[in-house]
Amino acid sequence: MDDRQREKKRFWSVLAILLLLVLAYTPPVYNYASIPTEVRLMLGRSKELHLSIPASTLGTTDQQKVISLEQHPSHTFTIQPRQTGEANLQVKMGDIPIKNLHVQVYPELLLYPGGQSIGVKLHSAGILVVGHKQILNHRGESSSPAKEANIHVGDLITKINGKTIREASALGKIVDEAGRAGKSLQLEFIRGKEKLNVQVTPIKDEEDQRYKLGLYVRDSAAGIGTLTFYDPKTKRYGALGHVISDQDTQKPISVGKGSILPSTVTSVDRGEQGKPGSIRAIFPDEKSSMGNIEKNSPFGIFGKLHSSIPHLLYREPIPVAFVEEVKEGPAEILTVVDGDKVGKYSIEIVNVIRQRYPSTKSMIIKVTDPRLLEKTGGIVQGMSGSPIIQNGKLVGAVTHVFVNDPTQGYGLFIEWMLEEAGYSLHHQLKKAS
């Protein structure tokens, strides 16, 4: 192929691309593309649908008992759910079908938004390795038997000699007794998704005359966060909006047992550019557990409450929003910045990131409330999990702050938290049907 033919081919390729781009933005094509292929509803909520294609109609093809249709002027329709289930609609121009529309009607879900500051106490499902220690023996040699046995920082020791172990305080006694008896220990541990076994022989530490494995370990973590939602029917809750990780290893903590309890905010370190702020709080009564912790996931902690939630701002539970219902524009967050009283503060959802799969960074939010900006400088550590309310619906939770701009941060869609908490919408639909 000579240069002239190549140029000609390149010209027609560029022209074809330009024509496709122009065609994509012509009214008929744009209007067709704007018609959804799926509509999700909950019982008690209707959906208005405008068909911008001229002379178009909308009709059911099956399951007319699931929904009803009401037609308005200018090709606008209201889809009204009658019962849970699925239905198929057909968009027509005259008598010609041009697009199918699938409708899913889910059971109604109403939740109380939280905003309360909570204390978090989490015990791991084993003993977490957070470091290695070099032990000096009687010959003046230093070593770490556990490290030499290929035990890594971040491994979770779950069994010793076949017996479950969950408390770091018990490890020292077991190791010392085995060393004095001249025995090695069989350690079972979890690394990622693997379950591994190693045999380790303790050595005597000349400093304190005790036998050791050469490990630094931890079995628990504590901190503060914010309650996101509470289900009055099931007593289930969700909080934080992100995983709890060990401060040394940065590995997620596998839940053995845990609890949440009321906390009182005592002060706030304001956030500044390059320096995230934080909330300081105390636990007035460390024995007054509000609920347990059953799950520690990338989308927060979840469990069941066994005491009432104080300082609810809403007298009645409110609807939750599907992902597609969250819009850019004004919204509010509920959080505590002084004492234990929940406050409502204005924010702006400046960008909604359309996601097909769960992520903790679903939207970018900006604090606009002068009171919150004065008190905290924006989003600070401890506000994670603060519920986001838009148009009377619970739409998400605060997850992260921008280090270089504390007035802004990320939020995640409430739908992702609910899926993680066991509220599988697909499962509920099938169960209800």
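It should be emphasised that the depicted structure is a prediction, and the values quoted were computed from it without experimental measurement.

About the thresholds
- Residues numbered from 1 in each chain as written.
- Predicted model: local features only at pLDDT ≥ 70, side-chain atom pairs only at ≥ 80, totals over all residues.
- Heavy atoms only, no water.
- Helix = DSSP H or I, 4+ residues; strand = E, 2+ residues; numbered from the N terminus.
- Buried < 20%, exposed > 50% of the residue type's maximum accessible area, 1.4 Å probe, protein only.
- Contact = heavy atoms within 4.5 Å.
- Areas by Shrake-Rupley, 256 points an atom, 1.4 Å probe, with all protein chains shown as cover.
- Pairing = 2+ DSSP bridges.
- Axes fitted to C-alpha atoms, helices over the stretch in contact; angles between N-to-C directions.
- Polar contact = N/O pair within 3.5 Å; in protein donor to acceptor, adjacent residues only side chain to side chain.

Draft legend 1. Focus on the overall build of the protein. Across its full length, the protein holds 7 helices and 32 strands. Out of the 433 residues in the protein, the part that is buried amounts to 44%. If you take every contact in the protein between residues at least 6 apart in sequence, the share linking residues at least 24 apart comes to 67%. Split by element, the accessible area of the protein, about 22500 Å² in all, is 50% carbon and sulfur.

Draft legend 2. Expanded view of the sheet that holds strand E30 (residues 387-390). Strands sit in the order E27-E28-E29-E32-E31-E30 around a closed barrel of 6 strands; the barrel is antiparallel. Neighbour-to-neighbour, the strand axes of the sheet open up by a mean angle of 45°, direction not taken into account. Bridging between strand E27 (residues 329-335) and E30 involves 2 bridges; their strand directions are antiparallel. Across the sheet, residue Ile333 finds its bridge partner in E30, namely Ile388.

Draft legend 3. Representation of the side chain of Ser117. Tracing the sequence through the fold places Ser117 in strand E9 (residues 117-132). A relative accessible area of 9% places Ser117 in the buried class. Looking at Ser117, its side chain comes within polar contact range of the side chain of Ser263, at 2.6 Å. Aside from chain neighbours lying at most four places away, what touches Ser117 is Gly225, Pro262, Ser263, Val265, Ala281 and Val336.

Draft legend 4. Representation of the side chain of Thr399 within the structure. Structurally, Thr399 can be placed in strand E31 (residues 393-402). Of the residues examined, Thr399 reaches a relative accessible area of 4% and is grouped as buried. Of note is the side chain of Thr399, whose polar atom sits 3.0 Å from the backbone oxygen of Thr360. Apart from residues no more than four positions distant in its own chain, Thr399 is found in contact with Gly241, His242, Thr360, Ser384, Tyr410, Gly411 and Leu412.

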